[in-house]
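Notes for the structure review
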Amino acid sequence: MMINYIFSVIFIALSLLYVVNINRILFLIDGSCSPYKKVIPLLVCLSAASGVCGFFSFSDNVPVTVSLFTLLFYVLVFLIVYLMHPNKRSALYVTAVYMCLDSILQSMCKLLLDFFWTSSMVSGISKLASLLINLLILLITARYMERNDNSLQFTAKLIPTKVHGLVLSVLMLLGELFGCYQSKFSNETLQNNILMISTLIIIPIIFMMIIYLIKSCISKQYYELMSDIMEKNVNEQISYYKKIDTMNNDMKRFRHDYKNHLQCISMLIDSEQYSKASQYIQDVTNQEIISSKTYSTGNYIADSILDNKNENAQANNAEIVFSGAIDSNAPLSKLSTILFNALDNAVEACGRINSSEKKVIDVRCAVSHNIQVISISNPMPEKSRFDRTSKSDKKNHGFGLINIRKAVNDLDGQMKIDTENGIFSLTVEYSLSGCSME
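How each quantity is defined
- Residues numbered from 1 in each chain as written.
- Predicted model: local features only at pLDDT ≥ 70, side-chain atom pairs only at ≥ 80, totals over all residues.
- Heavy atoms only, no water.
- pLDDT = per-residue confidence, 0-100.
- Contact = heavy atoms within 4.5 Å.
- Axes fitted to C-alpha atoms, helices over the stretch in contact; angles between N-to-C directions.
- Helix = DSSP H or I, 4+ residues; strand = E, 2+ residues; numbered from the N terminus.
- Parallel < 35°, antiparallel > 145°, perpendicular 65-115°, else oblique.
- Left-handed = near helix turned anticlockwise from the far one by under 90°.
- Nonpolar A, V, L, I, M, F, W, Y, C, P; charged D, E, K, R; others polar.
- Buried < 20%, exposed > 50% of the residue type's maximum accessible area, 1.4 Å probe, protein only.
- Arc of directions from axis to C-beta.

A few words on the confidence of the model for the protein. In this model, the protein carries a mean pLDDT of 79, and residues with pLDDT of at least 70 account for 82%. Per-residue pLDDT stays below 50 along residues 386-397; that stretch engages in 17 contacts with residues further than four places along the chain or on separate chains.

Here we take up the packing of helix α10 (residues 300-315) against helix α11 (residues 332-351). Relative to each other, α10 and α11 sit at 15°, their axes nearing to 10 Å. When the interaxial angle is binned, α10 and α11 end up roughly parallel. The way α10 lies across α11 gives a crossing that is right-handed. Taken together, the residues of α11 that come into contact with α10 (itself represented by Y300, I301, A302, I305, L306, K309, N312 and A313) are L332, L335, S336, L339, F340, L343, D344 and V347. Broken down by class, the residue content of the contact of α10 with α11 amounts to twelve nonpolar, two polar and two charged.

Closest axis-to-axis distance for the helix α1 (residues 2-30)/helix α5 (residues 122-146) pair is 9 Å, and the angle between their directions is 30°. Relative to α5, the element α1 is oriented roughly parallel. You can see that α1 and α5 cross each other, and the crossing is left-handed. Partitioned by chemical class, the residues of the contact of α1 with α5 number 20 nonpolar, five polar and two charged.

If you check which residues of helix α12 (residues 400-410) are buried, you get G400, L401, N403, I404, A407 and V408. For α12, the angular spread of the buried residues around the axis is 160°, confining them to a single face. Looking one or two residues beyond α12, the residue adopting positive phi is D412, at roughly 55°.

In structure tokens:
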């Protein structure tokens, strides 16, 4: 009889921990929770129902009313949490997931104990294990609440609704499977049928979760790559603005020196020192006062990209030679993607050629019948595969051609690749109709 009272207390403590832990988890997710005062009568009823369930848990002849008290116990847990939170949907979902996980944990504990020990105490010990784990969860949630950690709230918002439904379905079916394994059926055929049906339902759901996980991983990889490309574009823009700042400073210096030069020339002329004045003018003319613009494509973004990439090319004993024109109204983001990736690949290929001879990256562009044509050619290293990256950072590289193809497809254009006589050629064509600067 004493053991019945002990486990009755354990059941009561466990039921109250369910409510507290679920409320704390919901608070960490939603940031809101009502006080316990409004549900005190329901908490008393919950304690009574769980106490009855605990008292009769080891009895051989369990009254039928205990099953009703067990059902009442679960209803009260859901009702209490439901009334305490403004977000009713989240309250019901988190409660269902928490109770399923706890049920699966207790069932696993029972199965493990049944392998080593046959006793009526197994059920009570599994409840005791659940009590200890819930106490641990209580301490963990308290730690998060003290630190005002909102990482759980942020993470919960990132999980799609479809995943929520799949997770809950799998947990409920797993709980059903574990419960069926432990239950004593007078008809074994019925038990086997239940297990088979549950398994047949679980397997497709697990496959759906795997597929969704793979899609999520692909999407994550894609957006990480796009983020890296955007960061690269920003760095290119910063470099471009630094060059503009340098040119502005050169212009200021030129204006300041220009006045001084004119004064000196005027003084030499006034003193009839014409030969010195002529020599002075020649010396000033030969000075490189302002850095000249390297490229003039007709598109200022293309000018900046070519100028920047030419610096990288020169570091790899190569040079970018441009001819033709790029329409000024070309879509900037797509044009940047095409030029950035194509020139990066070309420079990288030139850098892998072991030759002292200067390599040439030939960029030819033309606009004909409202069609923009961009052709980029570069020498290829021997035994090269253009569809594989040789860069050390293989995670973020090797997607150049993929990104170019996507940009071309977005423009409803065409992309052609040729590799003949050791020359790699990329040709892109797209219509300028409907294109606008972005």
